[in-house]
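# Examination of the molecular architecture
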Amino acid sequence: MKRSSAGSGIESDSHLRRCLKSRVVLPAILWVLLNLADVFVSWLGVQAGALEIGFLYRLSAGFWSVSFMRMALAIAVLALLIKFQKAKLLVWLNLGMLLIIAWNVFVYIHQQ
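Cut-off values and rules
- Residues numbered from 1 in each chain as written.
- Predicted model: local features only at pLDDT ≥ 70, side-chain atom pairs only at ≥ 80, totals over all residues.
- Heavy atoms only, no water.
- Axes fitted to C-alpha atoms, helices over the stretch in contact; angles between N-to-C directions.
- Helix = DSSP H or I, 4+ residues; strand = E, 2+ residues; numbered from the N terminus.
- Parallel < 35°, antiparallel > 145°, perpendicular 65-115°, else oblique.
- Left-handed = near helix turned anticlockwise from the far one by under 90°.
- Contact = heavy atoms within 4.5 Å.
- Nonpolar A, V, L, I, M, F, W, Y, C, P; charged D, E, K, R; others polar.
- Phe/Tyr/Trp six-rings, centres within 6.5 Å; stacked < 30°, edge-to-face > 60°.
- Buried < 20%, exposed > 50% of the residue type's maximum accessible area, 1.4 Å probe, protein only.
- Lys NZ or Arg CZ within 6 Å of the ring centre and 35° of its normal.

One way to put it is that helix H2 (residues 25–47) packs onto helix H5 (residues 90–111) with a least axis distance of 9 Å and a crossing angle of 15°. Between H2 and H5, the crossing angle belongs to the class labelled roughly parallel. Once H2 is placed against H5, the crossing between them reads as left-handed. The segment H2 lies against H5, with Pro 27, Ala 28, Leu 30, Trp 31, Leu 34, Asn 35, Ala 37, Asp 38, Val 41, Ser 42, Leu 44 and Gly 45 engaging Leu 90, Leu 93, Asn 94, Met 97, Leu 98, Ile 100, Ile 101, Asn 104, Val 105 and Tyr 108. For the contact of H2 with H5, the class distribution of residues is 16 nonpolar, 5 polar and 1 charged.

Looking now at the packing of aromatic side chains. This structure, assessed with the given rule, holds 4 aromatic pairs. Taking 6.2 Å as the distance between ring centres and 40° as the angle between the ring planes, the aromatic pair formed by Trp 43 and Trp 64 counts as tilted. In this pair, Trp 43 sits in helix H2 while Trp 64 sits in helix H4 (residues 63–83), placing the two residues 21 residues apart along the sequence. Looking at Trp 43, the relative accessible area reads 27%, which means it is partly exposed. With relative accessibility at 55%, the residue Trp 64 sits in the exposed group. An aromatic cluster of at least three residues, connected via ring pairs, comprises Phe 40, Trp 43, Phe 63 and Trp 64. Positioned above the aromatic ring of Phe 84, the side-chain terminus of Lys 83 is 5.7 Å from the ring centre.

Set out below in structure tokens:
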């Protein structure tokens, strides 16, 4: 981070402030909400008899621990994208997550 010439601290145009002013906030919020929706739809599917086949499920004690790990991973991905100034990738990640949710809804409907 840059320091001001007077040495009074970090300049006001830090990376975080630029992210907040830019078009990163809405895709970032959407990323978290889509991941929450994925957890919810996956839960509905498991309740209806579908199987969770992700590798995280095999590493954990149950569905809710997997859900916690998935949300922690989503937030970590978001933080890394912002840190390395690659937040433009969120548009593609959000589209991919939307397709995953659509698939899970399809499975849930046909599981009924």
